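So the chains spell out like this:
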Amino acid sequence: MTDVVGQPLQNWSGTYRYRADTIHHPRTVQEIQALVSRGRSLHAVGTRHSFNEVADATELISLAELPGEPVIDIEEQTVTVPGRMRYGELAIFLQESGWALSNMASLPHISVAGSVATATHGSGNGNPTLASAVLGMTLVSGTGEVVHLDQRSPDFDGAVVHLGALGIVTEVTLSIEPTFNVRQDIYQRLPWEALTGSFEEVMGSGSSVSAVTSFARDTVELLWVKTRLINDEPRRMPAALFGATAATEQLHMTPGNDPLHCTPQLGEPGPWCDRLPHFLLGYNPSTGSEIQSEYLLDRRHSAGAIEALRNLGPQIAQVAQSCEIRTMAADDLWLSLAFQRPTFGIHFTWRPDPTAVAGVLDQIEAALAPYDPRPHWAKVFTGPFNFSDLYPRLADFQTLADTYDPDHRFRTPYLLRTVFG
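This section reports on the structure supplied with the text. (Residues numbered from 1 in each chain as written. Predicted model: local features only at pLDDT ≥ 70, side-chain atom pairs only at ≥ 80, totals over all residues. Heavy atoms only, no water.)

1. A short note on the overall build of the chain
Part 1: In terms of regular secondary structure, the chain is built from twelve helices and 21 strands.
Part 2: Computed over the C-alpha atoms, the radius of gyration of the chain is 21 Å, within 12% of the 22 Å expected from 2.2 N^0.38 for a compact globule of 421 residues.
Part 3: Projected onto its principal axes, the C-alpha positions of the chain cover 60 × 50 × 40 Å.
Part 4: Residue burial in the chain is summarised as follows: out of 421 residues, 59% are buried.
Part 5: Carbon together with sulfur atoms contributes 49% to the accessible area of the chain, which is approximately 16,300 Å² in total.
Part 6: Here the chain contributes 29 positively and 47 negatively charged side chains, and the mean placements of these two sets differ by 4 Å. (Helix = DSSP H or I, 4+ residues; strand = E, 2+ residues; numbered from the N terminus. Rg over C-alpha atoms; globule rule 2.2 N^0.38 Å. Buried < 20%, exposed > 50% of the residue type's maximum accessible area, 1.4 Å probe, protein only. Areas by Shrake-Rupley, 256 points an atom, 1.4 Å probe, with all protein chains shown as cover. Lys, Arg positive; Asp, Glu negative; His and termini not counted. Charge placed at Lys NZ, Arg CZ, Asp CG, Glu CD.)

2. A closer look at the side chain of Asp185
Part 1: Tracing the backbone through its elements, the reader meets Asp185 in strand β12 (residues 181-191).
Part 2: On the basis of relative accessibility, which here comes to 8%, the residue Asp185 falls in the buried class.
Part 3: In terms of polar contacts, Asp185 uses its side chain to reach the backbone amide nitrogen of Gly267, at 3.5 Å. (Polar contact = N/O pair within 3.5 Å; in protein donor to acceptor, adjacent residues only side chain to side chain.)

3. Looking at the nonpolar core
Part 1: By size, the foremost hydrophobic cluster in this structure holds 105 residues, and its most contacted members are Leu195, Trp272, Ile316, Trp350 and Ile364.
Part 2: Once residues lying within four places of it in the same chain are set aside, the contact partners of Leu195 are Leu190, Val202, Met203, Ala211, Val220, Ile306 and Ile325. (Core = buried A, V, L, I, M, F, W, Y, C linked by side-chain atoms within 4.5 Å. Contact = heavy atoms within 4.5 Å.)

4. Quick word on unusual backbone geometry
Part 1: Between Gly383 and the following residue, Pro384, the backbone shows a cis peptide bond with an omega angle of 5°.
Part 2: Within the secondary structure, Pro384 sits in the loop between β21 (374-375) and α10 (387-390).
Part 3: Within the chain, Gln77 stands out as a residue other than glycine whose phi angle is a positive 55°.
Part 4: Mapped onto the elements of the fold, Gln77 is located in the loop between β5 (71-73) and β6 (78-82).

5. Regarding the environment of Met328
Part 1: With respect to the element layout, Met328 can be found in strand β19 (residues 320-328).
Part 2: It is 5.2 Å that separates the C-alpha atoms of Met328 and Asn127, two residues lying 201 residues apart in sequence.
Part 3: Other than its neighbours up to four places away in sequence, Met328 contacts His121, Gly124, Asn125, Asn127, Pro128, Thr129, Leu296, Arg299, Ala338, Pro342, Thr343 and Gly345.

6. Side note on the pairing of strand β14 (residues 219-229)
Part 1: Most of β14 is tucked away, with ten of its eleven residues classed as buried.
Part 2: The pairing of β12 with β14 spans ten bridges and is antiparallel. Bridged to Ile186 within β14 is Trp224.
Part 3: Bridge count for strand β13 (residues 208-213) against β14 is five bridges, and the pairing is antiparallel. Its bridge partner being in β14, Val209 is matched across the sheet by Val225. (Pairing = 2+ DSSP bridges.)

7. Points about helix α11 (residues 394-404)
Part 1: Listed as buried for α11 are Leu394, Phe397, Leu400, Ala401 and Tyr404. For α11, the angular spread of the buried residues around the axis is 110°, confining them to a single face.
Part 2: Residues of α11 that are buried make contact with β8 (134-141), β9 (146-150), α4 (156-159) and α10. (Arc of directions from axis to C-beta.)

8. Overview of the environment of Gly421
Part 1: Its place among the elements puts Gly421 in the segment after α12 (413-417).
Part 2: Overall, Gly421 belongs to the exposed group, its relative accessible area being 80%.
Part 3: Each C-alpha atom of the pair Gly421 and Gln265 lies 45 Å from the other, and the pair is 156 residues apart in sequence.

9. Quick look at the state of the cysteines
Defined simply, a disulfide is a covalent bond joining two cysteines at their sulfur atoms.
Part 1: Under the criterion given, the structure shown has zero disulfides.
Part 2: Cys262 forms no disulfide, and the closest cysteine sulfur to it belongs to Cys273, at a distance of 16 Å.
Part 3: For Cys262, a relative accessible area of 2% puts it in the buried group. (Disulfide = S-S within 2.5 Å.)

10. Thoughts on the packing of aromatic side chains
Part 1: Under the criterion given, the structure shown has 14 aromatic pairs.
Part 2: Ring centres 5.4 Å apart and planes at 20° place the aromatic pair Trp377 and Phe387 in the stacked group. In this pair, Trp377 sits in the loop between β21 and α10 while Phe387 sits in helix α10, placing the two residues ten residues apart along the sequence.
Part 3: Using a relative accessible area of 0% as the deciding quantity, one classes Trp377 as buried.
Part 4: Looking at Phe387, the relative accessible area reads 6%, which means it is buried.
Part 5: Ring centres of Phe381 and Phe385 lie 5.8 Å apart, and the angle between their planes is 80°; on these two criteria the pair is classed as edge-to-face. Of the two residues, Phe381 and Phe385, both sit in the buried class. (Phe/Tyr/Trp six-rings, centres within 6.5 Å; stacked < 30°, edge-to-face > 60°.)

11. Examining the sheet that holds β8
Part 1: Spatial ordering of the open sheet is given by β5-β6-β10-β8-β9, a layout of five strands whose pairing is antiparallel. Lying at the two open borders of the sheet, with one neighbouring strand each, are β5 and β9. In this sheet, neighbouring strand axes are inclined to one another by 20° on average, regardless of whether the strands run parallel or antiparallel.
Part 2: Sheet topology places β8 next to strand β10 (residues 167-175); seven bridges connect them, and they run antiparallel. Residue pairing for β10: Gly136 is matched across the bridge by Thr173. (Axes fitted to C-alpha atoms, helices over the stretch in contact; angles between N-to-C directions.)

12. Some points on helix α1 (residues 29-38)
Part 1: Listed as buried for α1 are Ile32, Leu35 and Val36. Projected down its long axis, α1 carries its buried residues within an arc of 100°, all on one side. Opposite the buried face of α1, at more than 90 degrees from it, the exposed residues are Gln30 and Arg38.
Part 2: For α1, the secondary structure elements touched by its buried residues are β2 (22-24), β3 (42-45), β4 (59-62), β8 and β10.

Written as structure tokens, this is what we have:
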């Protein structure tokens, strides 16, 4: 089925309008192959959680009607899932089967294929991006060929985070492990000097940690600490942590929003799938109408970069709804936000005011420039950025994209502006 777009398609938050004039809904892989063979400017579209044009093209291909269910391989400890599947749906399936993912992003609403393609991440000093869990994938390339890739493929590390430049991913195989429980504790009013002076220790105080701030107050407002429980044994958490005090009620990271939309806190143990994300699948995540930006930096620059942003605190606070600092481990995926450096991300949830956001982003990017920030591929940034310097394997990826898409059917304006600019 093919829809001609009447009203412009919008992203999940209503703050980006796609330029696509056609959306295809293939029901078979063969239909995808046929669409690719005659396509003019193509990209897959999933849950539309991108905040820029990374997933936009003249023609969009939705996999929502493509059949398929997740399949667990117990011996290999993997699950093969349809690319369209949302992480929250996959998490429920795995938990019911006694299995788990090692980490999740803050929102369970996002699709597996789209999240992997843009190097989306959760948090934790020892946790890499979600793409690092990929052990294999199947895609329809720009030539219409069905291609299977796994870790034995010579170009696998270049293909996992692909931004849609290689084709339409229909299936992804992920590593899994036996299910486990997690507790989530929130601490309030963390001193800035604790965060900047003991960054690794603070961000390593749990298996997944987030620092939430407005950059305008004299303390970090919230420290979200998710702790994996070993053998389901309860773990006591202190009443104070690095000078922050434990919250006594459920909280939302953005003031004024209902904390009932968040996963259970206050140290109540529960399954990984109900604690690793910040938000519950059945509710509207985050704040709803918003713009998002994020910059990923080497963790050795944490103190300098955070202090640079604190100097912009009043400007940031005028436009931001919340800001979140998270960490991730290094990996070897060519276009990963954490490619070959232990990383921390500074995420901004903005009010839906593009002009005001652009103005403050110019200041933020100038302040962070000495620390070589990598902007999140799927979120709003202004630039310009020298992507060749930020991604040492970028030229190799360009060659890889030419191999998979020699006629440039997937060469979108976004990719021309960034990867091929």
